[in-house]
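# Structural characterization, general
Residue-level listing of the chains:
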Amino acid sequence: MPKKRLIVALLALPFAGIMAAFGFAPKTTAEPPVDFRMVTTAISLESPPEPTFEEAVAQLQVRSDETEPPIVSLDTVRAGDTLSDVLHRLGVQIDEILAFVRDDPRAHELLRLPVGRVLMARTQPDGALLSLRVRRDGESALEIRRGKLGLYSILLAADVSRQVQMRSGVIRSSLFGATDAAGVPDAVTVQLVKVFSADIDFHADLRKGDRFSLVYEQYYDGAEAIKAGRLLAAEFINQDRTYRAVYFEQQPGAGDYYTPEGESLHKAFLRSPVEFSRVTSGFSMARLHPILNTWRAHKGVDLAAPEGTPIVAVADGIVTTAGRKGGYGNVIELRHDQQYGTLYGHLSRIHDGIRTGAKVAQGEVIGYVGSTGWATGPHLHYEFLVNGVHQDPLGVALPHASPVPERYRESFVAATAPLLTNLSLAQGASQVAKFE
Ligand SMILES: [Zn+2]
């Protein structure tokens, strides 16, 4: 660390406490300041041996010959804070600002800041305010500045910038506990779960010691994180199996997640057409039929769910049957590609518009759980056919959705290489990366 900067930082400490005191020349670009927690660490690591009195005087003399860089401090509104409390922690001279805030209608809102809002102050080493900036609700910021005639207030456009964040963590008790501890916003954790949902059941499969590394966008206004953006790359190690995902847009705005090799992370089929169901009767070639009381094959699975639970198409397809059919009651059959077929029986109701020849998309609601036909209680009877042969829907290997097409391979590799680099950097260290 350069000598000058160290002195500034040390001098700032009595004013701003250890919360966030660091000095650097003000940047003219919209680049947000460094994560202040890291800088605080840097100061403590750099603490030099106590200078002798002579050394301290010599340092001060050197310093006074130079132009003073302002001290930039950040602090966050805490529960129960008054404006004076925050200003005090920022190390600014308070009286002048309080008087200004009292007289300036625009600055009144400084008296009503929500908990968590970040204030950024630039001061002279004696605490005299050069500027004080705070984000307002919406896309603007209030700044109090020192001009030739004293303090004045100004409204500015929000200084929103995007940064790429890298975080990693280990699961001790829960996924959200671990992502919270790593400082990952919930909105990003939700994306993580979704991205790997075809491969990992986050309710049942998580184990203590599972690990994650994430690369994601975070939007800042000045120094304040205002919202999480998109998950860009992720690695999840679940029970010693490693899963990786990268985000890639074939067309602007039409992105999806792939393995680093360009395979889709989606399955072409959902594992189950109903959420939160219980399997009450599995797939078997011989079972005692509960109503007919005879031994016959059960060429599907029964999924118990309350009457009226929505049933979704497990894959894109075309409706080949929609209506009443013997023991099945209300039944829907879908054909997917040439190879695959699915059947949904005992429905209380078939969804409007689901009729023979209609196109359905994966995840689209096609009907509702019921007990029509030969059923003892509300459940979905679900069959899965491959080339016309019944397979166990819960055990059959589901095909993946399409990989990155050949014509996009080159741009896929170019776009995802930096994400993979960031992903490996994220392992073991949480840090802020520059982007673009
Ligand atoms: Zn059944």
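Residues take numbers from 1 onward in each chain, read along the sequence in its written order. Predicted model: local features are reported for residues with pLDDT of at least 70 only, side-chain atom pairs are reported and counted for 80 or more only, and whole-chain, interface and lining totals are derived from all residues. Excluded from the side-chain calculations are hydrogens and water; all other atoms, namely the structure's heavy atoms, are used.

## Thoughts on the environment of Tyr243
Runs of E in the DSSP output that reach at least two residues are strands. Runs of H or I that reach at least four are helices, and both are numbered from the N terminus. Turning to its location among the elements, Tyr243 is positioned in strand β10 (residues 241–251). Residue burial is assigned from relative accessible area. The probe radius is 1.4 Å, only protein chains are included, and a residue is buried under 20% of its type maximum, exposed over 50%, and partly exposed in between. Looking at Tyr243, the relative accessible area reads 12%, which means it is buried. Separated by 43 residues in the primary sequence, Tyr243 and Ile200 have C-alpha atoms spaced 9.0 Å apart.

## What about the nonpolar core?
Side chains that are nonpolar tend, in soluble globular proteins, to be buried together. With 37 residues, the main nonpolar core has Leu192, Phe196, Phe212, Leu214, Leu231 and Phe236 as its most contacted residues. Where this core is concerned, the elements lending two or more residues are β7 (160–170), α6 (175–181), α7 (186–195), β8 (211–221), β9 (224–238), β10, β11 (254–258) and α8 (409–426). Counting residues in each nonpolar core, the second largest holds 27 residues, with Phe269, Val274, Tyr344 and Val360 among its members. Buried Ala, Val, Leu, Ile, Met, Phe, Trp, Tyr and Cys residues that are joined via side-chain atoms within 4.5 Å together make up what is termed a nonpolar core.

## Here's the deal with the coordination of the zinc ion
Here a donor is an N, O or S atom found within 2.8 Å of the metal, or within 3.2 Å if the metal is Na, K or Ca; sites may look incomplete because water is not among the atoms. The protein atoms that coordinate the zinc ion are His298 (NE2), Asp302 (OD) and His381 (ND1), at distances of 1.9 to 2.2 Å. The sequence pattern formed by the donor residues of the zinc ion is H-x3-D-x78-H. One end of the pair, Asp302, is in strand β15 (residues 301–304); the other, His381, is in strand β23 (residues 379–386), with 79 residues separating them in the sequence. Neither residue differs from the other here; Asp302 and His381 are each classed as buried.

## Some details on α8
Its 18 residues give α8 an end-to-end C-alpha distance of 25 Å, which sits within 8% of 26 Å, the value for a rise of 1.5 Å per residue. Bend, at a single residue, is the angle you get between axes fitted to the 7 residues ending at that residue and the 7 residues starting at it. Taking the largest bend as the criterion, α8 deviates by roughly 35°, centred on Thr416, and proline Pro418 comes between one and four positions later. Those residues of α8 that sit buried are Phe412, Thr416, Leu419, Asn422, Leu423 and Ala426. One less than the number of residues in a helix, times 1.5 Å, gives the span that helix is expected to have.

## Quick notes on the sheet that holds strand β16 (residues 310–312)
Two strands qualify as a pair provided that DSSP identifies no fewer than 2 bridges between them. Strand order in the open sheet formed by three strands is β16-β22-β20, and the pairing between neighbours is antiparallel. At either margin of the open sheet sits one strand with a lone partner, and together these are β16 and β20 (349–350).

## Quick word on unusual backbone geometry
The phi dihedral of Asp337 is positive, around 55°, even though this residue is not glycine. Turning to its location among the elements, Asp337 is positioned in the loop between β18 (330–336) and β19 (340–347). With relative accessibility at 60%, the residue Asp337 sits in the exposed group. Its identity is not glycine, yet His346 carries a phi of approximately 70°, on the positive side. With respect to the helices and strands, the residue His346 is situated in strand β19. Of the residues examined, His346 reaches a relative accessible area of 5% and is grouped as buried.

## Quick look at the packing of aromatic side chains
Each pair of aromatic rings taken from Phe, Tyr and Trp, with Trp reduced to its six-membered ring, is defined by centres within 6.5 Å and is described as stacked if the planes are under 30 degrees apart, edge-to-face if over 60, and tilted in the remaining cases. By the definition in use, this model includes ten aromatic pairs. With 5.9 Å between their ring centres and 80° between their planes, Tyr258 and Phe412 make a pair best called edge-to-face. With Tyr258 in strand β11 and Phe412 in helix α8, this pair connects stretches of sequence that are 154 residues apart. Accessibility expressed as a relative area gives 2% for Phe412, which makes it buried. Taken together, the aromatic side chains of Phe248, Tyr258 and Phe412 make up a single cluster linked through ring pairs.

## Concerning the pattern of salt bridges
Any carboxyl oxygen of Asp or Glu within 4 Å of a side-chain nitrogen of Lys or Arg constitutes a salt bridge here. Throughout the structure, instances matching the rule amount to 14 salt bridges. Its salt-bridge partner being Arg133, residue Asp221 comes within 3.4 Å of it at the nearest N-O pair. On the criterion of sequence distance, the pair formed by Asp221 in strand β8 and Arg133 in strand β4 (residues 129–135) is long-range, its members being 88 residues apart. When its relative accessible area of 3% is taken as the criterion, Asp221 is described as buried. Among the salt bridges present, the one from Arg162 reaches Glu217, with a minimum N-O distance of 2.4 Å. Taken together, the residues span a long stretch of sequence, with Arg162 in strand β7 and Glu217 in strand β8 at a distance of 55 residues. Connected via shared salt-bridge partners are Arg133, Glu143, Arg145 and Asp221.

## Some remarks on the pairing of strand β22 (residues 365–368)
The sheet contact formed by β16 and β22 spans three bridges and is antiparallel. Each bridged residue has a counterpart across the sheet, and for Val312 the counterpart in β22 is Val365. Pairing of β20 with β22 involves two bridges; the strand directions are antiparallel. Its bridge partner lying in β22, Arg349 is registered against Tyr368.

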